[in-house]
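# Descriptive structure summary
Chain residues, written in single-letter form:
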Amino acid sequence: MARKIVILLGNPGAGKGTQAKEIVRRLKIPQISTGDMLREAMARENGLGKEVRKRMDSGFLVNDATVNSIVAERIVKEDCRSGFILDGYPRTVPQAETFQQYLDRTDRLFVIEIRAEHSNILGRLVTRLMCPSCGEIYNSVSRKPSQEGSCDRCRLALVRRSDDREDLILERFRIYREETFPLVEHYRKTGCYHTVDGLRPIAEVSRDIRKIVDCEER
Ligand code: AMP
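Overview of the structure. (Residues numbered from 1 in each chain as written. Predicted model: local features only at pLDDT ≥ 70, side-chain atom pairs only at ≥ 80, totals over all residues. Heavy atoms only, no water.)

## With respect to the nonpolar core
Core analysis: the biggest nonpolar cluster contains 29 residues, and Phe-99 and Tyr-187 have the highest contact counts within it. For this core, the secondary structure elements donating two or more residues are strand E1 (4-9), helix H2 (34-43), helix H3 (47-56), helix H4 (64-74), strand E3 (83-87), helix H5 (93-101), strand E4 (108-115) and helix H8 (182-188). Look past the residues within four positions of Phe-99 in its chain and what remains in contact with it is Ile-5, Ile-7, Ile-75, Phe-84, Leu-86 and Tyr-89. Core analysis: the next-biggest nonpolar cluster, separate from the first, contains 20 residues, Ile-23, Ile-85, Leu-125 and Ile-209 among them. (Core = buried A, V, L, I, M, F, W, Y, C linked by side-chain atoms within 4.5 Å. Buried < 20%, exposed > 50% of the residue type's maximum accessible area, 1.4 Å probe, protein only. Helix = DSSP H or I, 4+ residues; strand = E, 2+ residues; numbered from the N terminus. Contact = heavy atoms within 4.5 Å.)

Have a look at this one:
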């Protein structure tokens, strides 16, 4: 079966996680968030977890080989048979080159850059809250949960990410610019690249993304 594969690119805080969850609901394909998988590894406190913590707590990227192997193992699972959404991967050109080797000729690839300049989204990140169980993203200013401080679905207490600190956020923006943004040029050449304006309300951004992924052509 031809897989539908969606890669979401965008600055930290551009809305990749939020929009990935919308696409999951619509296309019934799983969200693969390397950030979530690495946070789970970190929580296990083993050798890999300690290494990941060191990198994440400084705002740096985890090394390509580690992330590539996590993704390679995940995308062969049964629930990825019809496709998947990559949220936070690839994040470097070498990761994109490795990922290319995981693709089949029949796959339909959509690379969508959610464009949002960092000067406009710093505020979103310092007020961001996350459910530690389902990963749903809230915001204490613009996307409040119905009951203050707890997830609408899981009812668990929302948490702030340890790397959503202003100094680390600025470092993550720098890393995005230097290491991840070159992917825009990389994918623009391939004809599967699209861009949406991530500064508009969530529902409008979702509508634009829907128009792209509902299209059957590559
Ligand atoms: P995210 O949840 O996508 O913002 O990712 C949080 C952190 O996880 C990043 O700042 C990196 O340290 C690490 N990370 C997530 N995805 C990747 C990736 N594809 N390559 C390297 N590091 C990653």
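## Focus: H5
The complete set of buried residues in H5 reads Gln-95, Ala-96 and Phe-99. The arc that holds the buried residues of H5, viewed along the axis, is 100 degrees, so those residues lie on one side. At its buried positions, H5 is contacted by E1, H4, E3 and H8. Here H5 starts with a cap whose side-chain oxygen sits 3.1 Å from the backbone nitrogen of Gln-95, and that cap is Thr-92. (Arc of directions from axis to C-beta. Polar contact = N/O pair within 3.5 Å; in protein donor to acceptor, adjacent residues only side chain to side chain.)

## Concerning the side chain of Arg-161
Mapping Arg-161 onto the fold places it in the loop between strand E6 (137-139) and helix H7 (166-180). A polar contact of 3.0 Å, which involves the side chain of Arg-161, links it to the side chain of Asp-163. Excluding residues that lie within four positions of it along the chain, Arg-161 makes contacts with Arg-39, Arg-128, Met-130 and Arg-172.

## Re the site of the ligand
Around the ligand, a shell composed of 15 residues is seen, among which Thr-34, Phe-60, Gly-88, Gln-95 and Arg-161 lie nearest. Here a nitrogen atom of the ligand and a side-chain polar atom of Thr-34 are 2.8 Å apart. Within the contact set of the ligand, an oxygen atom lies 2.9 Å away from a side-chain nitrogen or oxygen of Arg-39. Protein chains shield 96% of the accessible area of the ligand, which is 480 Å² for the free molecule. Looking at the shell around the ligand, the element that brings in the most residues is H2, giving 4 residues. (Near = heavy atom within 4 Å. Areas by Shrake-Rupley, 256 points an atom, 1.4 Å probe, with all protein chains shown as cover.)

Treat this as a map of the structure, not an account of what it does.
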